[in-house]
Amino acid sequence: MDGTEVERIKRESRRLRGTLAESLADRASGALAEADQVILKFHGSYQQDDRDRREARQAAFLEPAYQFMIRTRTPGGALSSAQWLALDAIAERFANGTLRLTTRQAVQLHGVLKEDLKPAMQALLREARLDTIAACGDVNRTISVSACPEAGALHREVLALAARLSEALLPRSRAYLEIWLDGERLADSGEEEEPIYGPSYLPRKFKIAFAIPPRNDVEVRAQDLGFVAIAAEGQLQGFTVTVGGGMGMSAGDPRTYPRLAVDLGFVAPEQVIPLAAAVLTVQRDFGERRERKRARLKYTLETMGLKAFRAEVERRAGFVLAPPRPFGFAGSGDAFGWIREPEGAWSLGLWVPGGRVADRAEARFRSGLRAIAERHAGGFLLTPNQNLIVRGVAPGEREGIAALVREHGLDLHERLRPLRREAVACVALPSCPLAMAEAERALPELGARLERLLERHGLAEVPIGFRISGCPNGCSRPYLAEIAFVGRAPGRYDLRLGGDRRGERLNDLAGENLEVEEIFARLDRLLARYASERRAGEPFGDFVRRAWVLPAAAPLEEPTP
Amino acid sequence: MPGGGWSRVCRWRRRSGAGHGPGVAEELAAALAPLAPRLYSIASSRLEEGEVAALAVALVRTATPEGPRDGAGSGHLAALAEGARLRVFWEPNPRFRLPAEDERDLVMVGAGTGIAPFRAFLQERAARGARGRHWLLYGARRRGEDFLYQLDWLRWRRRGLLHRLSLAFSRQRGDRAYVQDRLREEGAELLAWIEGGAALYVCGGTAMGEGVEAALGELLIRLRGLSPEEAAARLQAWRAEGRYRRDLY
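In this text the structure is predicted, and so the values were computed from the model without any measurement. (Residues numbered from 1 in each chain as written. Chains lettered and ligands numbered in written order. Predicted model: local features only at pLDDT ≥ 70, side-chain atom pairs only at ≥ 80, totals over all residues.)

Caption draft 1: Region of interest: the overall build of chain B. Check the secondary structure of chain B and you find eleven helices and seven strands. Across its three principal axes, chain B shows a C-alpha extent of roughly 70 × 45 × 40 Å. The proportion of buried residues among the 249 residues of chain B is 29%. If you take every contact in chain B between residues at least 6 apart in sequence, the share linking residues at least 24 apart comes to 69%. (Helix = DSSP H or I, 4+ residues; strand = E, 2+ residues; numbered from the N terminus. Buried ≥ 20, exposed ≤ 12 C-beta atoms within 10 Å, placed from the backbone. Contact = placed C-beta atoms within 7 Å.)

Caption draft 2: Layout of the pairing of strand S12 (residues 346-350) of chain A. Residue and element names in this part refer to chain A. Of all the five residues making up S12, five are buried; the element is thus mostly covered by neighbouring parts of the structure. Side chains of S12 alternate between two faces, with Trp346, Leu348 and Leu350 and Ser347 and Gly349 buried alike. Two strands pair when backbone bridges link them, and strand S11 (residues 337-340) and S12 are joined in this way by four bridges, in the antiparallel orientation. By the bridge assignment, isoleucine 339 is partnered in S12 with serine 347. Judged from the four bridges that link them, S12 and strand S15 (residues 388-393) form a sheet pairing that is antiparallel. Residue pairing for S15: tryptophan 346 is matched across the bridge by valine 393. (Pairing = 2+ DSSP bridges.)

Caption draft 3: Layout of the packing of helix H12 (residues 365-375) of chain A against helix H13 (residues 398-408) of chain A. Residue and element names in this part refer to chain A. Look at H12 against H13: their axes get within 9 Å of each other, and the N-to-C directions meet at 165°. If you check the angle between H12 and H13, you find them roughly antiparallel. For the element pair H12 and H13, the recorded crossing hand is right-handed. Residues Ser367, Gly368, Ala371, Ile372 and Arg375 of H12 form the contact with H13, whose own contacting residues are Gly400, Ile401, Leu404, Val405 and His408. Across the contact of H12 with H13, the residue classes break down as five nonpolar, four polar and one charged. (Axes fitted to C-alpha atoms, helices over the stretch in contact; angles between N-to-C directions. Parallel < 35°, antiparallel > 145°, perpendicular 65-115°, else oblique. Left-handed = near helix turned anticlockwise from the far one by under 90°. Nonpolar A, V, L, I, M, F, W, Y, C, P; charged D, E, K, R; others polar.)

Caption draft 4: View of the pairing of strand S6 (residues 199-204) of chain B. Residue and element names in this part refer to chain B. Most of S6 is tucked away, with six of its six residues classed as buried. Sheet analysis places strand S3 (residues 106-111) next to S6, joined by five bridges and oriented parallel. Looking at the pairing, methionine 108 lines up with tyrosine 201 of S6. Bridge analysis of S6 against strand S7 (residues 244-248) gives five bridges, and the strand direction is parallel.

Caption draft 5: Representation of the sheet that holds strand S8 (residues 225-232) of chain A within the structure. Residues and elements named next belong to chain A. Sheet architecture is open: five strands sit in the order S6-S7-S8-S9-S10, paired in mixed fashion. Looking at strand neighbours, the two that pair on one side only are strand S6 (144-145) and strand S10 (262-267), the edges of this open sheet. Note: strand S7 (residues 208-211) against S8, four bridges, orientation parallel. Opposite phenylalanine 210, over in S8, you have phenylalanine 227 as the bridge partner.

Caption draft 6: Highlighting the confidence of the model for chain B. Residue and element names in this part refer to chain B. Residues with a pLDDT of 70 or more make up 91% of chain B, whose mean pLDDT is 90. Counting contacts from residues 1-7, a segment whose pLDDT is below 50, to residues more than four positions away or on other chains yields 13 contacts. What the predictor reports for the complex is a pTM of 0.91 with an ipTM of 0.86. (pLDDT = per-residue confidence, 0-100.)

Caption draft 7: Representation of the environment of arginine 360 of chain A in the model. As for its position among the elements, arginine 360 of chain A is in the loop between strand S13 (356-357) and H12. Separated by 82 residues in the primary sequence, arginine 360 of chain A and alanine 442 of chain A place their C-alpha atoms 15 Å from one another.

Caption draft 8: Geometry of unusual backbone geometry. Residue and element names in this part refer to chain A. A cis amide bond links proline 213 with the next residue in sequence, proline 214, at an omega value of 10°. Along the chain, leucine 429 connects to proline 430 via a cis peptide bond; the corresponding omega equals 10°. In this fold, proline 430 is placed in the loop between strand S16 (424-425) and helix H16 (443-456). Even without glycine at this site, alanine 134 takes up a positive phi of about 65°. Structurally, alanine 134 is set in the loop between helix H6 (114-127) and S6.

Caption draft 9: A look at the interface of chain B and chain A. Between chain B and chain A, the residue contacts involve 17 residues of the former and ten residues of the latter. Counting only elements with at least two residues in the side of chain B that touches chain A, the list comes to helix H6 (143-146), helix H7 (150-159) and strand S5 (164-169) of chain B. Looking at which element gives the most residues to the side of chain B that touches chain A, the answer is H7 of chain B, with six residues.

Caption draft 10: Quick look at the environment of arginine 325 of chain A. Residues and elements named next belong to chain A. Within the element layout of this structure, arginine 325 appears in the loop between helix H11 (306-317) and S11. Look at arginine 325 and you get partly exposed, because 14 C-beta atoms sit within 10 Å. Each C-alpha atom, one on arginine 325 and one on threonine 240, is 5.8 Å from the other, the two residues being 85 residues apart in sequence. Those residues in contact with arginine 325, other than ones at most four positions away along the chain, are Ile230, Thr240 and Phe266.

Caption draft 11: Representation of the nonpolar core within the structure. Judged by nonpolar contacts, the single largest core of 156 residues is most densely connected at Ile90, Leu109 and Phe210 of chain A. It is helix H9 (residues 272-286) of chain A that contributes the most residues to this core, seven residues altogether. With near-sequence residues (within four places) excluded, phenylalanine 210 of chain A lies in contact with Val145, Ser146, Val158, Ala162, Val218, Phe227 and Ala229 of chain A. Core analysis: the second largest hydrophobic core is formed by 44 residues, Ala140, Cys203, Met208 and Ala215 of chain B among them. (Core = buried A, V, L, I, M, F, W, Y, C linked by C-beta atoms within 7 Å.)

Caption draft 12: Spatial organisation of the sheet that holds S16 of chain A. All names here are of chain A. Spatially, S16-S17-S18-S19-S20 is the arrangement adopted by the five strands of the open sheet, whose pairing is mixed. The outermost strands of the open sheet, each flanked by one partner alone, are S16 and strand S20 (508-515). Note that strand S17 (residues 466-469) and strand S18 (residues 483-489) share four bridges and pair parallel. Following the sheet pairing, arginine 467 is matched in S18 by alanine 484.

Caption draft 13: View of helix H10 (residues 206-224) of chain B. Residue and element names in this part refer to chain B. Between its first and last C-alpha atoms H10 spans 26 Å; for 19 residues at 1.5 Å apiece the expected length is 27 Å, and the two agree. Those residues of H10 that sit buried are Met208, Gly209, Gly211, Val212, Ala215, Leu216, Leu219 and Leu220. Downstream of H10 by one or two residues, glycine 225 has phi in the positive range, about 70°. (Expected span 1.5 Å × (residues − 1).)

Caption draft 14: Seen up close, H11 of chain A. All names here are of chain A. With twelve residues, H11 ought to run about 16 Å at 1.5 Å a step, and its terminal C-alpha atoms sit 16 Å apart, in line with that. Phe309, Arg310, Val313 and Ala317 are the residues of H11 that are buried. Axial view of H11: buried residues confined to an arc of 95°, hence all on one face. Turned more than 90 degrees from where H11 packs its buried face, Lys307 and Arg315 sit exposed. Residues of H11 that are buried sit in contact with S10, H9 and helix H10 (297-304). (Arc of directions from axis to C-beta.)

Pasting the structure below:
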């Protein structure tokens with residue numbers, strides 16, 4: 001579907017209603033009408049199908065096994081224990097019995113049938129107090145926030161601001177209430193005022209994150225709009241604003257590329273919402289709308305030039321941006337195990353394999369987290385690396401929770417080597433319609449194989465950031481990894497090398513469309529050199545840039561118009 | 001009766017206390033009735049699929065103390081390898097044929113494999129360029145697995161050959177209805193079609209067929225103010241005109 005067509009569907013959707021109600025009522029098919037598949041995304045759900053079953057079903061005269069993914073709007077990934085328990089029950093009742101944690105700190109339900117969409121949405125709102133508005137679609141998506149309970153009040157303050165910003169940037173359309181919750185139709189139904197978005201919403205998805213240094217788990221420079229918290233003696237001063245990041249690219253089209261965000265300026269906390277609204281409307285009015293793969297803010301920024309872009313944002317926001325304040329990141333990974341919160345409680349960081357909360361032989365995450373949520377009232381925090389933190393654990397509670405963790409085998413972070421503990425994979429096959437190759441399902445095998453390779457070179461304990469993406473769109477943020485496999489076809493990936501460990505440097509293409517065997521052969525040779533030639537403490541991504549064929553990464557520069 | 005042969009053998013063994021020994025095989029064979037031929041509706045039209053006859057066969061599987069047991073007929077068919085040869089014969093069913101007039105509307109009511117003749121009807125009518133309208137009312141357990149020839153029906157709906165499609169899925173959350181329920185809900189429209197000259201075809205299990213007949217009677221009483229006797233007479237009249245045909249099994 002080209003950009004013009006998507007634009008027409010949005011414009012004529014009567015504020016995100018389309019013919020969704022009719023599509024849901026049609027018993028003949030498990031799918032929605034094509035235009036409604038576009039509209040559904042704005043409601044936080046994607047139509048997918050079980051790609052493993054396509055052929056067999058076609059032979060049986062049956063349409064593909066259509067199913068839906070539902071994604072929550074959970075700014076900063078904060079969930080109460082009661083919300084977690086409700087989500088767990090909803091996954092059992094309406095989805096495939098697993099929960100998938102995402103790199104944007106959302107929870108995804110997979111395998112929901114069309115007739116279960118509405119009851120699932122209702123249960124999410126009524127039982128879990130969660131909505132899914134704008135979790136997908138050409139709007140501001142779920143806002144990410146560094147998952148750092150060790151920052152205490154600062155983290156809570158930023159989290160609350162992110163939640164307010166998320167609310168402020170919601171579409172004003174009441175389509176969600178009408179379609180999923182049988183909300184009353186008012187006089188202006190279908191013509192609601194959309195002060196931020198207008199009738200066509202944004203040209204493309206829009207991602208915002210808040211980073212709290214020294215943690216860059218959100219990888220703020222991969223976001224359309226970033227806010228880096230600047231604090232002095234624990235007090236929030238404001239944010240350095242970054243713009244124009246984005247991971248996605250289209251294979252074989254050099255006009256598309258992953259890009260790091262650049263600094264735009266500095267804002268006080270109370271300026272965050274007006275600034276974000278101004279950036280959104282600039283993108284709304286100046287963004288490319290004919291060609292979707294060129295529609296992200298990063299391209300708008302390059303077309304306008306940073307200076308003109310900043311001037312337009314300032315004009316709309318009604319204030320002038322202060323110069324950006326410097327900040328430094330220590331890393332983009334998660335912390336695991338017990339972490340002390342400043343006020344005396346404890347947090348427990350758990351590694352969730354592939355972000356999939358399920359009961360598996362190696363660990364029973366679903367039962368285990370349910371047991372913890374039943375006993376512990378403090379709630380969970382989802383991390384941008386698809387992991388989970390049990391937060392607010394009183395010292396007296398620690399023992400009991402530690403016992404539950406052991407009992408269910410949730411202490412994988414203690415048993416695993418660093419490579420797999422840092423690895424990230426997107427969902428990919430069989431449910432993602434964009435996937436060209438395996439990702440989440442292949443991670444255990446490919447990760448273990450890479451670990452064996454590291455072991456052979458005496459590097460087993462060296463942390464190396466490894467990510468797999470099923471396609472070049474880059475949901476697992478592969479372009480920032482030290483080693484990344486980006487899917488091109490079944491069993492074939494682009495090999496990318498040379499990211500740093502702080503989310504501040506893009507990697508480079510080291511081999512295109514390679515068979516897995518060839519990738520491992522190349523990695524074998526490279527790791528042998530790394531083992532013998534590396535400097536003390538030199539990360540792999542830095543080594544390949546210094547000693548190998550890759551050029552040094554270009555420094556962050558202001559884009560030229 | 002699928003599975004009937006097997007249960008007869010079990011009963012015979014229990015009754016006679018027979019074991020292995022001389023004459024047992026002969027005695028056993030004598031206790032069995034010859035297998036009856038299975039009759040299936042052809043689910044394709046020669047105009048569309050040439051010398052291929054498509055069949056919709058539900059595999060009958062029953063739990064027995066010895067484990068699951070497949071029906072003799074359907075089990076045999078299901079176990080056939082691709083390219084296997086099979087003895088078949090034609091049994092024409094003159095009481096369940098398309099109307100001669102291509103402009104006549106069709107209302108097709110079926111459940112399960114009862115959809116088979118209707119697929120043949122649509123193929124035939126599509127190939128003939130028939131101008132009549134088509135309405136399928138169909139019931140099955142779940143859309144995901146049991147909506148037979150789903151891709152065909154969706155395609156015909158898109159192309160405008162199938163004007164109305166009313167479905168009931170009895171094991172699906174949010175529906176749990178039978179085809180008779182749809183008949184009742186859409187009764188006004190249904191009577192309008194039939195009174196406008198449409199021919200009504202019903203195919204499927206006997207219970208479903210009786211349920212449909214009862215629902216039709218109710219509709220005539222409720223929506224047309226007929227007495228039960230008048231309603232029965234109206235159905236009889238449609239039958240006599242060849243506009244109400246059934247193939248039940």
